[in-house]
Amino acid sequence: MIAAIENAVLELLRDAGVDGRLGYQFKTLETYPDEWDAYLKDKRQLRCPGAWCVFLGMVSMDLTDDGVTYGLARFATVLAAENLRNEQATRHGGGGAIGSYQLGVDAVGLMAGNALGLDIGIIQPRRLALVGRSEETRKQGLSLIAFEWESRVPIAELIADGELADFETFHANWDVPPFGGIGPDLPDDEPADATDTVTLEGATP
């Protein structure tokens, strides 16, 4: 569900640009990179406007009377504007380029109260704030703004077809790589070269 929510946000932003609701289209729509400066260096020159969505965690969880667990999931949608004129222009816009302030306000307008077509609670806005600039964002003339929001999300049960069985027995098979690389690639269709079964003391094998 978490990945589906991230993808649905990016799809919403894309569609709003394509159908003319925004007056501009996003040129980069991706999930949030792990390391921003390394990501920007790899991109060389980011195509803007850009947007990324990332899961921040479960703020709280609760179990309903009918046995369904819900989590209050927090996400951030980070938006980027580019303007090589000056720092103010990256935020305010100008010269035909959209600014980060407008990107942030538009994202709130599109997403607040929206359930993204998924079986989740509507998006509750929580915070809109500029992201601190780094050496790489300055170099590329970027301004980033983050929209933080929450949604009540059902957490799928991991137990299927009844109760989860006790973990009492572990069995493993191994294929031994051929000496000197001579032989079929592994895994192959031959019986396992080695096997082992471990059973907890007192359990029925």
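Here, the structure is the one placed above.
None of these values were measured; they are calculated from a predicted model.

What counts as what
- Residues numbered from 1 in each chain as written.
- Predicted model: local features only at pLDDT ≥ 70, side-chain atom pairs only at ≥ 80, totals over all residues.
- Heavy atoms only, no water.
- Helix = DSSP H or I, 4+ residues; strand = E, 2+ residues; numbered from the N terminus.
- Buried < 20%, exposed > 50% of the residue type's maximum accessible area, 1.4 Å probe, protein only.
- Lys, Arg positive; Asp, Glu negative; His and termini not counted.
- Salt bridge = Lys/Arg side-chain N within 4 Å of Asp/Glu carboxyl O.
- Polar contact = N/O pair within 3.5 Å; in protein donor to acceptor, adjacent residues only side chain to side chain.
- Contact = heavy atoms within 4.5 Å.
- Phe/Tyr/Trp six-rings, centres within 6.5 Å; stacked < 30°, edge-to-face > 60°.
- Lys NZ or Arg CZ within 6 Å of the ring centre and 35° of its normal.
- Expected span 1.5 Å × (residues − 1).
- Arc of directions from axis to C-beta.
- Core = buried A, V, L, I, M, F, W, Y, C linked by side-chain atoms within 4.5 Å.
- Pairing = 2+ DSSP bridges.
- Axes fitted to C-alpha atoms, helices over the stretch in contact; angles between N-to-C directions.

Student: What am I meant to see in the side chain of E6 here?
Tutor: If you trace the backbone, E6 turns up in helix α1 (residues 2-18). In this structure E6 is buried but unpaired, with R74 as the nearest side chain of opposite charge at 13 Å. Separated by 3.0 Å, the side chain of E6 and the backbone nitrogen of F55 make a polar contact. Apart from residues lying up to four places away in sequence, E6 is in contact with T31, C53, V54, F55 and F75.

Student: Before we go on, may I ask you to explain the packing of aromatic side chains in this structure?
Tutor: Here a ring pair, both rings aromatic, is described through the centre-centre distance and the interplanar angle of the planes. In the structure shown here, the tally under the stated rule is 7 aromatic pairs. Look at W36 and W52: their rings are 4.9 Å apart centre to centre, the planes differ by 75°, and that puts the pair in the edge-to-face class. Of this pair, W36 sits in helix α2 (residues 36-43) while W52 sits in strand β2 (residues 50-63); the two residues are 16 residues apart in sequence, bridging distant segments of the chain. No difference in accessibility class separates W36 from W52, as the two residues are buried. The structure contains a cluster of three or more aromatic residues connected by ring pairs, namely Y32, W36, Y39 and W52. Cation over ring: R152 sits above Y70, and NZ or CZ is 4.1 Å from the ring centre.

Student: Is there a simple way to think about helix α4 (residues 100-111) in this case?
Tutor: Count 3.6 residues to each turn of an α-helix, and residues three or four apart come out pointing the same way. Here α4 spans 16 Å end to end across 12 residues, near enough to the 16 Å set by a 1.5 Å rise per residue. Inspection of α4 places S100, L103, G104, D106, A107, L110 and M111 among the buried residues, and these make up the whole buried set. An end-on view of α4 places all buried positions within 165° of arc, on one side of the element. Away from its buried face, by an angle of more than 90 degrees, α4 presents the exposed residues V105 and G109. Contact partners of the buried residues in α4: α1, β3 (69-82), α3 (87-92), β4 (124-130) and β5 (142-155). Remark: G113 follows α4 within two positions and exhibits a positive phi of approximately 80°.

Student: Can you help me understand the nonpolar core in this one?
Tutor: In this structure, F26, M111, L116 and W149 are the most contacted members of the largest nonpolar core, which totals 27 residues. Counting residues per element, the ones that place at least two in this core are α1, β2, β3, α4 and β5. No other element matches α1, which puts 7 residues into this core. Among the nonpolar cores identified, the runner-up in size contains 11 residues, and W36, A80, L142 and L144 belong to it.

Student: I'm lost on the environment of A4 in this one. Help?
Tutor: With respect to the helices and strands, the residue A4 is situated in helix α1. A4 sits in the partly exposed class, given a relative accessible area of 34%. In sequence terms A4 and L118 are 114 residues apart; their C-alpha atoms lie 8.4 Å from each other.

Student: Where do I start with the sheet that holds β2 in this structure?
Tutor: Within a sheet, adjacent strands bond to each other through the backbone by hydrogen bonds, running parallel or antiparallel. Pairing is mixed across the open sheet formed by 5 strands, whose spatial order is β1-β2-β3-β5-β4. Only two strands of the sheet have a single neighbouring strand rather than two, namely β1 (28-31) and β4. Going from strand to strand, the sheet's axes swing by 20° on average, the running direction of each strand aside. Contacts from α1 reach β1, β2, β3 and β5 within the one sheet, and its direction differs from that of β2 by about 140°. Sitting on the sheet, α4 is in contact with β3, β4 and β5, with an inclination near 15° to β5.

Student: Even after reading the chapter, I still don't get the pattern of salt bridges, so can you show me in this structure?
Tutor: Proximity of charged atoms lets side chains of opposite charge pair with each other. Evaluated as defined, the whole model comprises 9 salt bridges. The salt bridge partner of R127 is E148, with a shortest N-O separation of 3.3 Å. A residue pair is termed long-range when its members are at least 10 positions apart, and R127 in strand β4 and E148 in strand β5 qualify at 21 residues. One network of salt bridges, in which partners are shared, links E11, R14 and D15.

That's the geometry; what it means functionally is another story.
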